[in-house]
Amino acid sequence: MNLSSIKNNKFYIYLNNLESENIGLFSSILIHFLILFLAIGLPDFFGKKSINLPSIIPIEIVNISEVTSLERKDSEKNEKKPPSSSLNKNKFNNSERIEITKKEIKLKPEITKKEIKLKPDIPEEKKIFTPEKKKKKIIEEKMEIIPIKKIKVKLKPKIEKSTPVNEKKTDIVQKTQPKLKPKPKEQLNMASLLKDLRKKKQSIINEEQEVEKKDEDIAETKDELSDENSELSISEIDLLLQQLSGCWVATAGAKIEKGMIVTISVKLKQNGRVYDNSIRIIDTNIAKSSPVYGPITESAIRTLLNPDCVPLKLPEDKYDTWKKLTITFDHKMMRG
Amino acid sequence: MKKFLFTVLFIITSFQLFSLEVTLTQGTVKPTPIAVTNFFSNENSANNIGKNISNIISDNLERSGLFMPINKKAFIQNEKSLSIQPRFEDWKIIKAQHLVSGKITKKDKKISVEFRLYDVFSQKQLLGKKYETSEKNWRRVSHIISDAIFERVTGEGGYFDTRVVYVAETGKKDNRQKRLAIMDQDQANHRFLTDGSYLVLTPRFSPNSQKITYMSYINKSNPRVYIFDIETGQQEVVGEFPGMTFAPRFSPDGEKIIMSYSDPDIGNSEIYILDLNTRVSKRITNNSAIDVSASFSPEGEKIVFNSDRSGRRHLYTMNINGKNLKRISRQAGSYYTPVWSPRGDMIAFTKQEGGQFYIGVMETNGKNERMIAKSFHVEGPTWSPNGRYLLYFKEERTAEDGSGGESSLYSIDLTGYNERKIITPLGGSDPAWSPLMH
């Protein structure tokens, strides 16, 4: 497009010929656009695309046999051989197998039965021992509890007992002193949970070092946050982090690798509650094909839906600073 | 005009920047609260099955140490109404994070069991499956459902639909009867496989769980490695060796057996791999030290074993062709019975140090050695198929009058917590965990 073609453009000509009586009309259109933008918002062209969790579970039908997990190559070979006449007839398992058909069910589907021909049943075996009662005994045995380690938090805000945090309208920093007793929740990192019976002393030292490290991390995070979100005070952010940490239940048993990160964004109401369907996964370095993708991303989403985190403890008067919240769940200290 | 447009753009951009960003590095580690309801059925005869299935799932998940089943008395919504539609608010009140509901329909002697797993907080279904089988297979269906739930919630493979083979022990220590026994991982369906007329040691499952290889004293003067077929009850000697063969294990493809052979002429033990198809054996270690207790890596390309070639018993890894030998244990003490994890990332072992025995784990390069169980005598770790749990046996001290000295099986989480005694009808030692059966 050359300059002459731009000059011949009707809109360009109109702008050039714009007279004072038309400015009102032009301004009115612009203001209307502005109001629309403010109400709806601009699409985030430069942000990372949100990742939606698949809600539909793929259908798979798997045949499960009673006695085997792999194709029996050796049995195929045995088939070629004539059966031994001296087989012991006191079989533990009959070779006749029972097949169980497994069928995925979608949400609220009309379940259609699929009959699969079952092979003859295994003859009922004589019970020698019924361990049900004894099994209950095991369950009643006291489970060893993972030791709970409190995290020292620097610059903790002291909150007056009678004043609920949500009702505070003034700046918390001015009112508070760094002496908030955090709720004794089981906050700890998984790496420190790995037991080593010989290294108790050493692990105590390590724990102390880790606590110091955590303190530094928290302080660093606070510094960063205080720079980035000057509208919220350190103690307000600290309070939010404590609340979220208590609600983030690490994925049970998942094999978490260092450096796994999930970032989610959420739109919040002024009362600290989450807008319906507003939680989005905006970034993660976990491959979708990984078996822990679902559990870890779901665990992050559950954090914001956890009743203990509803509503979030954020100052209502600073709603503009937190109406959109982005949380990065960094698993560097959460190893399973 | 330009100023006006600039102001508009500035306002819009500022609006977009109103976003709070935080990073969480700490969370809560605790068992996940889960509500497992009785499986609903319109027929009274199937209601009991529904209760039993629910109880087994609940017990399985609880035993894993990763779930905390909620007491059924606390449930607000009943099974019938749940089978139509869950009221998530009712489950949020009792702080359930996950909800399991199910339904059973019965036709003749066949049952159809369907279950659904819900995420209570996000109010969505995570999993739904249906199984059709014979009525008396309800216990196995319960284990399969437990595996499905475990896998969906944790992202790791399940381990409930598995069996354990072990050596059942009875009698005084100097005259102990040892029999092969097998049971489900939850101790149900216990059976003895041998009659106790001869000693058996170190049973190990084949990858398809249908065969067991073990060392037996059927021939008292010359103990050998045998293979026992669970289906047929038949057993056969592995290989033609003039001396003693022991400590056998199947390769991951089930085509080979690795074991130690003590040559009566030389006197020391070396490691051999025997091809079960061709019956040809290959010696893979060759030195004057005692090399025993070999175990394959999950890919079958490497082995770990213990040897006293350095003066003390230590763990070594090498390729199955005998090359790339590396000593991986570096600390004090003696190391025995190494077993490669099915995940491939860890090696479990027995260690003796300072008058104590330990069950330990380390990375495959020997780093991050941790002791997770300790006693007067603990030995013989075996991995669950998902590589998360270990079984081993613990022996009590024998009293001066010869009493005591009983052995029992124990399970423990890889983290070193959730140690539980496995109840068996007799004493137990040398456990081996089967792969998943589905």
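If you're wondering where the values come from, they're calculated on a predicted model, not measured in any experiment.

Cut-offs and rules
- Residues numbered from 1 in each chain as written.
- Chains lettered and ligands numbered in written order.
- Predicted model: local features only at pLDDT ≥ 70, side-chain atom pairs only at ≥ 80, totals over all residues.
- Heavy atoms only, no water.
- 1 Å grid on protein atoms, 1.4 Å probe; cavity = no way out; pocket = protein on both sides within 12 Å on 5 of 7 lines; lining within 4 Å.
- Points joined across faces, edges and corners; volume = space filled by probe spheres on them.
- Helix = DSSP H or I, 4+ residues; strand = E, 2+ residues; numbered from the N terminus.
- Buried < 20%, exposed > 50% of the residue type's maximum accessible area, 1.4 Å probe, protein only.
- Polar contact = N/O pair within 3.5 Å; in protein donor to acceptor, adjacent residues only side chain to side chain.
- Axes fitted to C-alpha atoms, helices over the stretch in contact; angles between N-to-C directions.
- Contact = heavy atoms within 4.5 Å.
- Phe/Tyr/Trp six-rings, centres within 6.5 Å; stacked < 30°, edge-to-face > 60°.
- Lys NZ or Arg CZ within 6 Å of the ring centre and 35° of its normal.
- Pairing = 2+ DSSP bridges.
- Parallel < 35°, antiparallel > 145°, perpendicular 65-115°, else oblique.
- Left-handed = near helix turned anticlockwise from the far one by under 90°.
- pLDDT = per-residue confidence, 0-100.
- Expected span 1.5 Å × (residues − 1).
- Core = buried A, V, L, I, M, F, W, Y, C linked by side-chain atoms within 4.5 Å.

### Quick look at empty space enclosed by the protein
All names here are of chain B.
- Following the criterion strictly, the structure yields six cavities of 30 Å³ or more and no others.
- If you add up the space inside the largest cavity, you get close to 170 Å³.
- In terms of lining residues, the largest cavity is bounded by 17 residues, among which Arg63, Gln185, Ser411, Ile422 and Trp433 are the most central.
- Looking at the lining of the largest cavity, the elements with two or more residues in it are strand S9 (177–184), strand S28 (389–395) and strand S30 (420–422).

### Re the environment of Glu156(B)
Residue and element names in this part refer to chain B.
- With respect to the secondary-structure elements, Glu156 resides in the loop between helix H5 (138–154) and strand S8 (163–170).
- Under the relative-accessibility criterion, Glu156 is labelled buried at 6%.
- Taking the C-alpha atoms as reference points, Glu156 and Ser142, separated by 14 residues in sequence, lie 18 Å from one another.
- Within the structure, the side chain of Glu156 is placed 2.7 Å from the side chain of Arg343, a separation counted as a polar contact.

### Quick look at the packing of helix H9 (residues 293–305) of chain A against H5(B)
- Between H9(A) and H5(B), the shortest axis-to-axis distance is 6 Å and the interhelical angle comes to 60 degrees. Counted together, Gly294(A), Pro295(A) and Glu298(A) of H9(A) and Arg152(B), Val153(B) and Thr154(B) of H5(B) form the full contact between these two elements.

### Looking at the packing of aromatic side chains
Residue and element names in this part refer to chain B.
- Evaluated as defined, the whole model comprises 18 aromatic pairs over all chains.
- Here the aromatic rings of Phe150 and Phe160 are separated by 5.6 Å at their centres, their planes lie at 85 degrees, and the arrangement is edge-to-face. With a gap of 10 residues between them, Phe150 in helix H5 and Phe160 in the loop between H5 and S8 connect regions that are remote in the sequence. Accessibility assignment for this pair places Phe150 and Phe160 in one class, buried.
- Here the aromatic rings of Tyr159 and Trp433 are separated by 5.7 Å at their centres, their planes lie at 75 degrees, and the arrangement is edge-to-face. Taken together, the residues span a long stretch of sequence, with Tyr159 in the loop between H5 and S8 and Trp433 in strand S31 (residues 427–433) at a distance of 274 residues.
- By relative accessible area, Tyr159 is classed as buried at 5%.
- On the basis of relative accessibility, which here comes to 10%, the residue Trp433 falls in the buried class.
- Residue placement shows Arg179 over the ring face of Phe192; its charged tip is 3.9 Å from the ring centre.
- The lysine or arginine in question, Arg309, covers the ring of Tyr316, its NZ or CZ lying 5.3 Å from the ring centre.

### A closer look at the pairing of strand S4 (residues 261–267) of chain A
All names here are of chain A.
- Within S4, five of the seven residues are buried, which leaves it mostly tucked inside the rest of the structure.
- Both S4 and strand S6 (residues 324–330) contribute to a ladder of seven bridges, which runs antiparallel. From the neighbouring strand, Thr263 faces S6, where its bridge partner is Thr328.
- With four bridges connecting them, S4 and strand S5 (residues 280–284) associate as antiparallel partners. Residue pairing in the sheet places Val262 in a bridge with Thr284 of S5.

### Comments concerning the sheet that holds strand S21 (residues 314–319) of chain B
All names here are of chain B.
- With respect to topology, four strands assemble into an open sheet ordered S19-S20-S21-S22, the strand pairing being antiparallel. Single-partner strands in this sheet number two, and they are strand S19 (291–296) and strand S22 (326–327).
- Relative to strand S20 (residues 302–307), S19 runs antiparallel, the two being bridged by four bridges. If you follow Val292 over to S20, its bridge partner there is Asn306.

### Some details on the packing of helix H2 (residues 44–63) of chain B against H5(B)
Residue and element names in this part refer to chain B.
- As a packed pair, H2 and H5 sit with axes 9 Å apart at the nearest point and diverge in direction by 45 degrees. In terms of orientation, H2 lies oblique with respect to H5. The element H2 and its partner H5 pack so that their crossing is right-handed. Of the residues in H5, those in contact with Ile49, Asn52, Ile53, Ile56, Ile57, Asn60 and Leu61 of H2 are Trp138, Arg139, Ser142, His143, Ile145, Ser146 and Ile149.

### Notes on the confidence of the model for chain A
All names here are of chain A.
- With 38% of its residues at a pLDDT of 70 or more, chain A has an overall mean of 62.
- Under a pLDDT of 50 for its full length, residues 52–98 has, in the predicted model, 114 contacts with residues more than four places off or in other chains.
- A low-confidence stretch, residues 109–190 stays under pLDDT 50, and its non-local contacts, those more than four residues away or across chains, total 186 contacts.

### Brief notes about H9(A)
- For H9(A), which comprises 13 residues, the first-to-last C-alpha distance of 19 Å matches the rise-based estimate of 18 Å (1.5 Å per residue) to within 8%.
- The set of residues buried in H9(A) consists of Tyr293(A), Gly294(A), Pro295(A), Ile296(A), Thr297(A), Glu298(A), Ser299(A), Ala300(A), Ile301(A), Arg302(A), Thr303(A) and Leu304(A).

### Details of the nonpolar core
- Core analysis: the biggest nonpolar cluster contains 41 residues, and Phe39(B), Phe115(B), Leu117(B), Ile145(B) and Ile149(B) have the highest contact counts within it.
- Contacts of Leu117(B), omitting those with residues within four sequence positions, involve Ile34(B), His98(B), Leu99(B), Val100(B), Lys124(B), Gln125(B), Leu126(B), Leu127(B), Ile149(B), Arg152(B) and Val153(B).
- Val262(A), Ile286(A), Leu304(A) and Leu20(B) belong to the second-largest nonpolar core, a separate cluster that totals 33 residues.

### Quick look at the pairing of strand S24 (residues 346–353) of chain B
Residues and elements named next belong to chain B.
- Counting buried positions over the eight residues of S24 gives six, a clear majority of the element.
- Taken together, the five bridges between strand S23 (residues 334–340) and S24 define a ladder with antiparallel strand orientation. Looking at S24, one finds that Ser334 is bridged to Gln352.
- As consecutive antiparallel partners, S23 and S24 are separated by five residues, and within that stretch Gly344 has a phi angle of approximately 90 degrees, a positive value.
- Alignment of S24 against strand S25 (residues 356–363), held across eight bridges, turns out to be antiparallel. Each residue of the ladder has a partner; that of Thr350, found in S25, is Ile359.
- Two successive antiparallel strands, S24 and S25, enclose a turn made up of two residues, where Gly354 displays a positive phi of approximately 60 degrees.

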